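# Coordinate analysis (summary)
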Amino acid sequence: YDGKKYSQQVGKPRRTDVDTKKYLTAIGQVDSNNYVIIAAKSKSTLNEAAKLGISLDCNMLYNLDGGGSSTVWFRNATSGKGTQIKSFFKFCA
């Protein structure tokens, strides 16, 4: 949040799984018009995702539903055809 790693949202229960390895998918907001999409190729922690988001200059990183079948698809606006993105970042500790 706000370009810094944090572990507690105001008014929200504390997450206890920030160091649990799992497949992750996330969207990072760099600024009002620029975003990055992250899909982990191997199991990673939320703390590792936060470090990657910070290194990519994300102001916010939204953790989405991941899981073993997590995949990213890109739809070409001109042709309408979808493509699976096969080059994934591997989160680094």
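## Here's the deal with the overall build of the chain
- Scanning the chain from N- to C-terminus turns up 1 helix and 5 strands.
- N-terminal to C-terminal, the α/β element order of the chain is β-β-α-β-β-β.
- Every one of the 93 residues in the chain was classed for burial, and the buried ones make up 26%.
- Long-range contacts, defined as pairs at least 24 residues apart, comprise 58% of the intrachain contacts of the chain with a sequence gap of at least 6.
- If you sum the accessible surface of the chain, you get close to 6800 Å²; carbon and sulfur atoms cover 52% of it.

## With respect to the sheet that holds strand β3 (residues 60–64)
- Reading across from one edge, β2-β1-β3 is the order of the 3 strands in this open sheet, with antiparallel pairing throughout. Across the chains shown, the open sheet's two edge strands, defined by having one partner strand only, are β2 (34–39) and β3. Adjacent strand axes in the sheet meet at a mean angle of 20 degrees, parallel and antiparallel pairs treated alike.
- Direction of pairing for strand β1 (residues 25–31) relative to β3: antiparallel, over a ladder of 5 bridges. Directly across from T25, in β3, lies its bridge partner L64.

## Quick notes on the pattern of salt bridges
- One pass over the structure, following the stated rule, counts 1 salt bridge.
- For K21, the salt bridge goes to E48, with nearest N and O atoms at 3.3 Å. Of this pair, K21 sits in the segment before β1 while E48 sits in helix α1 (residues 46–55); the two residues are 27 residues apart in sequence, bridging distant segments of the chain.
- Residue K21 is classed as partly exposed on the basis of its relative accessible area, which comes to 46%.

## Section: the environment of W73
- Within the fold, W73 resides in strand β4 (residues 73–75).
- Along the primary structure W73 and T83 are separated by 10 residues, whereas in three dimensions their C-alpha atoms are 5.4 Å apart.
- Once residues lying within four places of it in the same chain are set aside, the contact partners of W73 are G82, T83 and Q84.

Analysis parameters
Residues numbered from 1 in each chain as written. Predicted model: local features only at pLDDT ≥ 70, side-chain atom pairs only at ≥ 80, totals over all residues. Heavy atoms only, no water. Helix = DSSP H or I, 4+ residues; strand = E, 2+ residues; numbered from the N terminus. Buried < 20%, exposed > 50% of the residue type's maximum accessible area, 1.4 Å probe, protein only. Contact = heavy atoms within 4.5 Å. Areas by Shrake-Rupley, 256 points an atom, 1.4 Å probe, with all protein chains shown as cover. Pairing = 2+ DSSP bridges. Axes fitted to C-alpha atoms, helices over the stretch in contact; angles between N-to-C directions. Salt bridge = Lys/Arg side-chain N within 4 Å of Asp/Glu carboxyl O.

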